[in-house]
Amino acid sequence: MTEGRNRRSAALVIIPAFNEEEALPSTLAELAEVRPDLDVLVVSDGSVDKTAALARAAGVGVVELPFNLGIGGALQTGFRYAALDDGAAMVVGSRFGEGNVEYRVGPVRKAAMAVLRAAVNKMAHQKFSDTSSGFRAFNASVLQTFARSYPVEFMDSTESLVQAINEGYRVVEVPTRIRARTAGQPSTRHVRLVYHYFRLMIVLVSQLPSRRRQVGTS
């Protein structure tokens with residue numbers, strides 16, 4: 001089910017949410033205070049709590065999915081909504097920019113992110129400080145590409161970053177200020193996180209252009 005007000009802005013903020021009734025209201029309130037000019041779409045990803053109702057009460061657009069698709073599926077739903085409605089403007093918001101003192105990760109995850117960052121940077125021939133950030137903005141062309149084809153597994157942000165670069169899009173990175181979660185629970189834990197990192201590395205290697213994989217072969 002899709003609900004929403006008429007679009008006022010050329011940019012759309014897409015917020016995928018699964019049972020986020022505790023954290024969502026404050027996020028929407030602050031977003032409305034800081035950037036009242038932006039349109040907002042909450043994609044309730046099979047939530048069984050009041051996520052969708054609270055989003056409606058805040059006056060933002062709402063898409064309700066009948067069951068949980070995961071972050072990739074929820075985002076692709078948002079991309080399709082935006083592509084049909086209007087364009088939005090690929091920029092990656094880094095959580096590790098200068099002055100960003102509130103975002104912290106544990107040593108194991110930090111090491112895994114460093115390996116992943118090195119691999120993506122080498123593949124992309126660019127330097128990114130945060131290759132798994134979910135804070136991104138897209139132009140209309142990238143948006144339409146992701147509306148047709150977007151990774152559905154966790155760590156979709158990294159996989160889609162490589163996808164965009166491989167398709168020839170120009171991607172840049174800017175610093176983003178991140179605060180610690182104040183309510184709700186993270187969507188994944190340590191054991192699943194290890195699995196997702198290994199899965200992602202296999203996917204990234206498979207996405208290498210054939211001419212790169214064949215270098216050095218006879």
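In the block above lies the structure referred to throughout.
We now turn to the structure provided with this report. (Residues numbered from 1 in each chain as written. Predicted model: local features only at pLDDT ≥ 70, side-chain atom pairs only at ≥ 80, totals over all residues. Heavy atoms only, no water.)

### Observations concerning the packing of aromatic side chains
At step 1: Under the criterion given, the structure shown has 5 aromatic pairs.
At step 2: With a centroid separation of 5.3 Å and 75° between ring planes, the pair formed by Phe79 and Phe138 is classed as edge-to-face. Each member of the pair Phe79 and Phe138 is classed as buried.
At step 3: Aromatic side chains Phe138 and Phe146 sit 5.3 Å apart centroid to centroid with 85° between the ring planes, which places their arrangement in the edge-to-face category. Judged on exposure class, the residue Phe138 and its partner Phe146 are both buried.
At step 4: An aromatic cluster is built from Phe79, Phe138, Phe146 and Tyr150, whose rings are joined through pairwise contacts. (Phe/Tyr/Trp six-rings, centres within 6.5 Å; stacked < 30°, edge-to-face > 60°. Buried < 20%, exposed > 50% of the residue type's maximum accessible area, 1.4 Å probe, protein only.)

### What to know about the sheet that holds strand β6 (residues 136-137)
At step 1: Strand order in this open sheet of 3 strands is β6-β5-β7, and the pairing throughout is mixed. Single-partner strands in this sheet number two, and they are β6 and β7 (172-175). (Pairing = 2+ DSSP bridges. Helix = DSSP H or I, 4+ residues; strand = E, 2+ residues; numbered from the N terminus.)

### A few points about helix α1 (residues 24-34)
At step 1: When we look at burial in α1, the residues that qualify are Leu24, Leu28 and Leu31. Buried residues of α1, seen end-on, are gathered within an arc of 65° and therefore sit on one face of the element. Along α1, the residues that are exposed and aim more than 90 degrees away from the buried face are Glu33 and Val34.
At step 2: Against the buried residues of α1 lie β2 (12-17), β3 (39-45) and α2 (51-57). (Arc of directions from axis to C-beta. Contact = heavy atoms within 4.5 Å.)

### Side note on the pattern of salt bridges
At step 1: Inspection of the entire model under this criterion finds 5 salt bridges.
At step 2: Here Asp130 ties to Arg95 by a salt bridge, and the two come within 2.6 Å at their closest N and O atoms. On the criterion of sequence distance, the pair formed by Asp130 in the loop between α4 (107-124) and β6 and Arg95 in the loop between β5 (91-94) and α4 is long-range, its members being 35 residues apart. Each of the two residues, Asp130 as well as Arg95, counts as buried.
At step 3: With a shortest N-O distance of 3.8 Å, Arg136 and Asp156 are connected by a salt bridge. With a gap of 20 residues between them, Arg136 in strand β6 and Asp156 in helix α6 (residues 156-166) connect regions that are remote in the sequence. (Salt bridge = Lys/Arg side-chain N within 4 Å of Asp/Glu carboxyl O.)

### Describing unusual backbone geometry
At step 1: Here Asn19, not a glycine, exhibits a phi torsion of approximately 55°, which is positive.
At step 2: Residue placement: Asn19 occurs in the loop between β2 and α1.
At step 3: Phi at His125 is positive, roughly 60°, even though this residue is not glycine.
At step 4: Structurally, the position occupied by His125 is in the loop between α4 and β6.

### A word on the pairing of strand β4 (residues 61-65)
At step 1: Most of β4 is tucked away: 4 of the 5 residues are buried.
At step 2: As judged from the 5 bridges shared by β3 and β4, these two strands associate in the parallel manner. Residue Ser44 lies in a different strand from β4, and its bridge partner there is Glu64.
At step 3: Crossover connection from β3 via α2 to parallel β4: handedness right-handed. (Right-handed = clockwise from strand over helix to strand, strands pointing away.)

### So, the side chain of Ser94
At step 1: Tracing the backbone through its elements, the reader meets Ser94 in strand β5.
At step 2: The exposure class of Ser94 is buried, given its relative accessible area of 2%.
At step 3: A distance of 3.1 Å separates a polar atom in the side chain of Ser94 from the backbone nitrogen of Phe96. (Polar contact = N/O pair within 3.5 Å; in protein donor to acceptor, adjacent residues only side chain to side chain.)

### Side note on the nonpolar core
At step 1: With 36 residues, the main nonpolar core has Phe79, Met90, Phe146, Leu161 and Val171 as its most contacted residues.
At step 2: Within the residue set of this core, elements represented by two or more residues are β2, β3, β4, α3 (70-85), α4, α5 (140-148), α6 and α7 (190-206).
At step 3: If you look at the next biggest cluster of nonpolar residues, it comprises 11 residues, including Ile15, Leu28, Val42 and Val60. (Core = buried A, V, L, I, M, F, W, Y, C linked by side-chain atoms within 4.5 Å.)

### Some remarks on the environment of Glu21
At step 1: By the secondary structure assignment, Glu21 is in the loop between β2 and α1.
At step 2: Taking the C-alpha atoms as reference, Glu21 lies 6.5 Å from Asp49; in sequence the two are 28 residues apart.
At step 3: Those residues in contact with Glu21 that lie beyond four places of it in its chain are Asp49, Lys50, Thr51 and Leu54.

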